[in-house]
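Structure at a glance
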Amino acid sequence: IFYCRAIWRDVSESKNTGEHSKNILEKPSYTSIISSFALVLLAFERKCVLKKSRAKADNGNLVVLDRCPSLQVGQMDGPKILPSNFITEFLSKLEIYLYQSSVRVDLVIKLEVPVDVLIHRNKTRNKLGKESVNEIKHRFNLFKNYTALSNDTKIIDGSAILPIVFSDSILSIIRYLNKPRT
C-alpha cells in the first residue's frame, strides 16, 4: 500500500519548509498508466481489507478501521483514475468495479472539524511534509461531500478535546450495536 500511495501522490519534500513542492491542488486532465495500475492495486487492497474485516466481524469481533472507501470518483478513498486511452479506460472501469463490489461497513464515524481548527492542528504537528494551508482547505472542501461505503454514518464534532471525541465515538458504536436488527 505504501508503494501504491507513493507512486500515485508523487510528492517531494522541500528541505527548507517541509512543505510539498508539488502543487497537488491542480487537477490533472488524465491519470498515467503507471499511476492507474497503482490505483487499481490500492482499490484491490482496500477490497481485501474490507473482506477480511467483514469475516472477523461476522465471527463476533469488533473491527475498527481508520479509512472507509467511497464510491464517489475523485473523492478521498474512492476511485481516482481519469482515463486518457483504452488502457487507462479499462483500468478505470476495473478500479470502479473493485470499489463497487467491496463489502459495506456497518458504521462509519465521521469526525467533522472546522477548517481553522485543522489548520491550527497541522501547524502544531511534528511531521515532515506537512500539508500547506491551501491543501488543507482543498481536502476540507472535498471531505464535505464524502459519502462512505457504509450502512450507517454517525457524525461527531471532532473539534472537541480528544477524551470527548473518543467517548462520543464509543457511545455511537455501543448505540449501533444495541440497535434491534431487522
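Below you will find a few notes about this structure. This structure is a prediction, so every number in the text was calculated from the model and none was measured.

As for the overall build of the protein chain
Looking only at helices and strands, one finds six helices and two strands in the protein chain. Along the protein chain, helices (α) and strands (β) appear in the sequence α-α-α-β-α-α-β-α when read from the amino end. Here the contacts in the protein chain between residues at least 6 apart in sequence split such that 71% fall between residues at least 24 apart. Working note: accessible area of the protein chain is about 12300 Å², and carbon and sulfur atoms make up 59% of it.

Side note on the nonpolar core
Listed in full, the seven residues of the largest apolar core are L39, V40, A43, I81, L91, L98 and Y99. Put simply, the parts of the chain that give this core at least two residues each are α2 (33-58) and α3 (86-100). Leaving out residues up to four positions away in the same chain, L91 has contacts with I33, S36, F37, V40 and I81. By size, the runner-up hydrophobic cluster in this structure holds six residues, among which are V105, V108, Y146 and A148.

Some remarks on the pattern of salt bridges
By the definition in use, this model includes ten salt bridges. Note that D77 is salt-bridged to R46, the shortest N-O span being 2.8 Å. Of this pair, D77 sits in the loop between α2 and α3 while R46 sits in helix α2, and the two are 31 residues apart along the sequence. The exposure class assigned to D77 is buried, which follows from its relative accessible area of 4%. On the basis of relative accessible area, R46 is assigned to the buried category, the value being 12%.

Structural notes on the packing of helix α4 (residues 115-124) against helix α5 (residues 133-144)
When two helices pack together, their arrangement is given by the angle between the helix axes and by the axis-to-axis distance. Where α4 meets α5, the axes come as close as 10 Å, and the angle between the chain directions of the two elements is 140°. Judged by the inter-axis angle, α4 sits oblique to α5. Between α4 and α5 the crossing geometry is right-handed. The segment α4 lies against α5, with V115, L118, I119 and N122 engaging V133, I136, K137 and F140. Its residues assigned to classes, the contact of α4 with α5 shows six nonpolar, one polar and one charged.

Notes on the side chain of Q75
In this fold, Q75 is placed in the loop between α2 and α3. Those residues in contact with Q75 that sit more than four places away from it in its chain are S70, K80, L142, F143, N145 and Y146.

A look at the packing of aromatic side chains
This model, assessed by the stated rule, comprises one aromatic pair. Across from the ring centre of F143, 4.8 Å away, lies the NZ or CZ of K110, which sits over that ring.

Overview of the environment of F90
For F90, the position within the fold is in helix α3. Of the residues examined, F90 reaches a relative accessible area of 54% and is grouped as exposed. When the C-alpha positions of F90 and S36 are compared, they lie 9.7 Å apart, and in sequence the two are 54 residues distant.

Re a nonpolar patch on the surface
A grouping of I33, F37, F86 and I87 is seen on the molecular surface, where their side chains present a nonpolar patch of about 400 Å² in accessible area. Of all elements in the fold, only α2 and α3 reach the threshold of two or more residues within the nonpolar patch. By the secondary structure assignment, I87 is in helix α3. Take I87: its relative accessible area is 31%, and that puts it in the partly exposed class.

Analysis parameters
Residues numbered from 1 in each chain as written. Predicted model: local features only at pLDDT ≥ 70, side-chain atom pairs only at ≥ 80, totals over all residues. Heavy atoms only, no water. Helix = DSSP H or I, 4+ residues; strand = E, 2+ residues; numbered from the N terminus. Contact = heavy atoms within 4.5 Å. Areas by Shrake-Rupley, 256 points an atom, 1.4 Å probe, with all protein chains shown as cover. Core = buried A, V, L, I, M, F, W, Y, C linked by side-chain atoms within 4.5 Å. Buried < 20%, exposed > 50% of the residue type's maximum accessible area, 1.4 Å probe, protein only. Salt bridge = Lys/Arg side-chain N within 4 Å of Asp/Glu carboxyl O. Axes fitted to C-alpha atoms, helices over the stretch in contact; angles between N-to-C directions. Parallel < 35°, antiparallel > 145°, perpendicular 65-115°, else oblique. Left-handed = near helix turned anticlockwise from the far one by under 90°. Nonpolar A, V, L, I, M, F, W, Y, C, P; charged D, E, K, R; others polar. Phe/Tyr/Trp six-rings, centres within 6.5 Å; stacked < 30°, edge-to-face > 60°. Lys NZ or Arg CZ within 6 Å of the ring centre and 35° of its normal. Patch = residues over 30% accessible without salt bridge, like charges linked within 9 Å, V, L, I, M, F, W, Y side chains within 5 Å.

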